Amino acid sequence: MRISNSLRLAALAFLMASTLVFCDKDEETPKTLYERLGGISAISAVVDQFLGNVVADNTINARFAATVADPFRTQLLRNNLIDQICAGSGGPCQYKGKTMLESHKGMNITEAEFNALVGDLVAALDKFAVPQTEKDELLAILGPMKTDIVGQ
Amino acid sequence: MKRTRIFLFFLAISTGFGWFSLRKPHSPTDDLPMITVAAYEFQKIETARGRSVAEEARQWPGVTAATFNEGSQLLGVTFTGEISEKNLLEKLGAAAAAPVARKVFTEPMGAKCPVPTAVFAKIPIWLGWLSGLFSMLLLLTFLSKFFRKKEKSLADRPHESAISNHLFI
């Protein structure tokens, strides 16, 4: 009688354990965009490429004259861009810069300039062969910022 | 006296909290090396050559990105302190077999702040350190007064002092 009780208990424990294992598998969270992009090193490489594209782009490079001339401002812009993409894609970063509206106020940025910037970002993503899904997701995060940037 | 000590204690705690809240959270970007972004123009270069120079430059240590823009004929490069700009210019010139110079952009006209941006950005860090230092000093003052009082009370009761000395020895 005692043995059968122990067996029952063991079977019950096994059943519960297996249920927990299956539950754990079911609740496996999908990878964040940050993880799919390749983490901070991949984002940093894309941002560097993007900045390289921007300074070589005559449509907008004059806008970055003061930033390029000051190494501290360059670093600040680069880190803010990385933080923004990292935080927006679900990474462990916190954007510490000004809001898009604050930082572009009075600059009177045109739609053509904004489109050129987006083009430079897309070119940087293409350079690293970022898949279309991840590219679309990232652009969808950054796209809504357009109203805070253009014509301010 | 007791009131002063309580005030000092609470002041130290609140300053400590202030310092903690002023601290910026650590971000993975804090560990990234400083970079320089620059555009270079060649005296005369074909598009294919420009592209191959960019590809070559990307392999050099210290260069984090390089791109050649067909429209502007400019080479955009981002690089760390691992390579000096002089060295980079020499290497670019050799790779392109053409004279190369850094493109200087004309800054947009307008009022310019005379204080460098770096100073503005460092103010919260300095404040944080000052606040931390102040709270440490306050805590030390509080603790020194506390221990001084304990020493005095032990001196008033020599038998307890002897016991504690015996215990510590």
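Bear in mind the structure is a predicted one, so any value in this text is a computation, not a measurement.

(A) Structural detail: the sheet that holds strand β4 (residues 100-102) of chain B. Residues and elements named next belong to chain B. The sheet built from four strands is open, its strands ordered β2-β3-β1-β4 with antiparallel pairing. Bordering the open sheet on either side are β2 (63-69) and β4, each of which pairs with just one other strand. Across the sheet, the mean angle from the axis of one strand to that of its neighbour is 25 degrees, orientation sign disregarded. The pairing of strand β1 (residues 36-42) with strand β3 (residues 74-79) spans six bridges and is classified as antiparallel. Of the residues in β3, the one forming a bridge with Y40 is L75.

(B) Expanded view of the nonpolar core. By size, the foremost hydrophobic cluster in this structure holds 40 residues, and its most contacted members are L37, I43, V47 and L138 of chain A. Those elements that provide at least two residues to this core are α2 (33-37), α3 (39-55), α4 (65-69), α5 (71-88), α7 (111-127) and α8 (132-142) of chain A together with β1 of chain B. For this core, the element with the highest residue contribution is α3 of chain A, accounting for eight residues. Setting aside residues no more than four positions away along its own chain, V47 of chain A makes contact with R78, L81, I82 and I85 of chain A. One finds I45, A54, A98 and V100 of chain B within the second-largest nonpolar core, a separate group that totals 21 residues.

Rules used throughout
Residues numbered from 1 in each chain as written. Chains lettered and ligands numbered in written order. Predicted model: local features only at pLDDT ≥ 70, side-chain atom pairs only at ≥ 80, totals over all residues. Heavy atoms only, no water. Pairing = 2+ DSSP bridges. Helix = DSSP H or I, 4+ residues; strand = E, 2+ residues; numbered from the N terminus. Axes fitted to C-alpha atoms, helices over the stretch in contact; angles between N-to-C directions. Core = buried A, V, L, I, M, F, W, Y, C linked by side-chain atoms within 4.5 Å. Buried < 20%, exposed > 50% of the residue type's maximum accessible area, 1.4 Å probe, protein only. Contact = heavy atoms within 4.5 Å.

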